[in-house]
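The lines below spell out each chain.
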Amino acid sequence: MSIPCDVILDVLLLLPVKSILRFRSLSKYFCRMIDCPTFIDFHLNHSSKTGSNRSLMVNDVTAGTGSIYQIDLDSPGSHAVELALPFQRVPFPLVDGFKPRCGEIFGSCNGLVALRDDEGITLWNPSTAKHRAVPKFWTGFVWLEGFGYDAIAKDYKAIIISKEDNEKHLRVMVYSLKADSWRRIEDLYTPTTEHFWTYYPKLYSALVGSSLHWAVVPRSGHDLLNNIILAFDLSTEKFREVPSPKVEIEGVKILKKVMELGGCLSLTYDCHHRSRQNNWLYGDIWIMKKYGVESSWTRLFTIPFCFYPKATPLCFTNKGDKVLLFCEDGIRILFFWYDLKSSDTQRIFPFRLPGTGNTKYVCVTRASIICTRSLVPLHAHV
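Scoring rules and cut-offs
- Residues numbered from 1 in each chain as written.
- Predicted model: local features only at pLDDT ≥ 70, side-chain atom pairs only at ≥ 80, totals over all residues.
- Heavy atoms only, no water.
- Helix = DSSP H or I, 4+ residues; strand = E, 2+ residues; numbered from the N terminus.
- Buried < 20%, exposed > 50% of the residue type's maximum accessible area, 1.4 Å probe, protein only.
- Areas by Shrake-Rupley, 256 points an atom, 1.4 Å probe, with all protein chains shown as cover.
- Polar contact = N/O pair within 3.5 Å; in protein donor to acceptor, adjacent residues only side chain to side chain.
- Patch = residues over 30% accessible without salt bridge, like charges linked within 9 Å, V, L, I, M, F, W, Y side chains within 5 Å.
- Salt bridge = Lys/Arg side-chain N within 4 Å of Asp/Glu carboxyl O.
- 1 Å grid on protein atoms, 1.4 Å probe; cavity = no way out; pocket = protein on both sides within 12 Å on 5 of 7 lines; lining within 4 Å.
- Points joined across faces, edges and corners; volume = space filled by probe spheres on them.
- Nonpolar A, V, L, I, M, F, W, Y, C, P; charged D, E, K, R; others polar.
- Core = buried A, V, L, I, M, F, W, Y, C linked by side-chain atoms within 4.5 Å.
- Phe/Tyr/Trp six-rings, centres within 6.5 Å; stacked < 30°, edge-to-face > 60°.

Within the protein, the regular secondary structure consists of five helices and 24 strands. When burial is assessed residue by residue, the protein has 49% of its 382 residues classed as buried. Surface summary for the protein: the accessible area is close to 19,100 Å², and the carbon and sulfur share equals 54%.

Turning our attention to the side chain of D284. With respect to the helices and strands, the residue D284 is situated in strand β18 (residues 279-288). Look at D284 and you get buried, because its relative accessible area is 3%. Of note is the side chain of D284, whose polar atom sits 3.2 Å from the side chain of R299. Looking at D284, its side chain comes within polar contact range of the side chain of T302, at 2.4 Å.

The subject of this paragraph is a nonpolar patch on the surface. A contiguous nonpolar surface patch, about 250 Å² in accessible area, is contributed by I3, V7 and V11. Mapped onto the fold, I3 is located in the segment before α1 (5-13). According to the relative accessible area criterion, I3 is exposed, its value standing at 53%.

Below, the discussion takes up the layout of surface pockets. Looking at the second largest pocket, its volume works out to about 440 Å³. Contributing to the lining of the second largest pocket are 21 residues, with L73, S75, P76, G77 and W337 lying nearest its centre. Counting only elements with at least two residues in the lining of the second largest pocket, the list comes to β1 (54-59), β2 (68-72) and β23 (345-348). Considering each element in turn, the lining of the second largest pocket owes the most residues, three residues, to β23. Partitioned by chemical class, the residues of the lining of the second largest pocket number eight nonpolar, seven polar and six charged.

It is worth spelling out the nonpolar core at this point. Counting 31 residues, the largest nonpolar core has I121, L123, F137, F147 and Y175 as the members making the most contacts within it. Formed by 17 residues, the second largest nonpolar core is a distinct cluster that contains V258, L267, W286 and M288.

Turning to the packing of aromatic side chains, a few remarks are in order. To describe a pair of aromatic rings, you give the distance between the ring centres and the angle between the ring planes. Taken as a whole and judged by the stated rule, the model has 11 aromatic pairs. When the ring of Y69 is compared with that of F351, the centres are 5.2 Å apart and the planes differ by 85°; the resulting orientation is edge-to-face. Taken as a pair, Y69 in strand β2 and F351 in the loop between β23 and β24 (369-372) lie far apart in primary sequence, 282 residues in all. Ring plane angle 20° and centroid distance 4.3 Å describe the contact between F301 and Y338, whose orientation is recorded as stacked. Of this pair, F301 sits in strand β19 (residues 297-304) while Y338 is found in strand β22 (residues 332-339), placing the two residues 37 residues apart along the sequence. The pair F301 / Y338 is uniform in exposure class, with both members buried.

Interpretation note: all reported values are geometric properties and have no functional meaning in isolation.
Below is the structure:
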């Protein structure tokens, strides 16, 4: 008895990528079906709608020994798994005051992960173990970077924004996977050229739709108190400013970082409130429920940094009732699930060594990043 094709398709869509890849060796029919762009899109869309097949990627930048770890968010209590890398991690050169470190993950989109080191960028699908190395196409210090999908051109693009010492503007370079080429577009004058070492190297871009976002210091502001949200449209390749919430607090607030949460643009304010009895720091997390509409900004929750230092929200649970927080406490990295209704937290220990109470040391310079496991290929003309 033969099984109808639509039934086979429905079953495959429910499987994780690792299981699907095993079916490629079953027959030529299964191999063609799984490699078909339509099936790849169906599987990716199913994962996006259900919030399944998500992994947390943790990038250890320790030079010489740095690893990339994956934590399965579909399996509560899962431990970090060190991934086998099909490419070599090249350390950045020694810079005054900084130890040598491995290349950085700087973006993730549709299962593809983008990494940068001193020799270029690597686009990598951890699920299929396929990668593409792109030689270095920029000069100067990298200020901002991002990776995303241009839905109109159906093209994956990486953007590198760098600065030469003798220039006041920023150079903007765009790499296209579809064309397998890079080009320089219009220079950027918006961010100030100050605060680089203390601020910009720790920033991730936030990919929402087909636009990348960063929290930057405007050229007219000269300090972090005047930060704005800078957006780059991957389709039009134009920059613009996205309005931030209009909110007044007692004390000082700094727009520190922007994130993607549940498909929406989100941000964190670092707030400093001083009174006669207290001098405390806390984080205000906001979410833009309707993209581009200033009035749709809504405060999601507030969290004290004394308990959750430098907290960065990473993702919702499938039910949307909890948020995964990434925290930095000196040399330690901590992970918590934050309950939006009760404000309770539950710490998870993905780096705890089995059978011991010890935790593996991991050196990071940025928060972890969410990656949806997928079958998306890395050849040109995608």
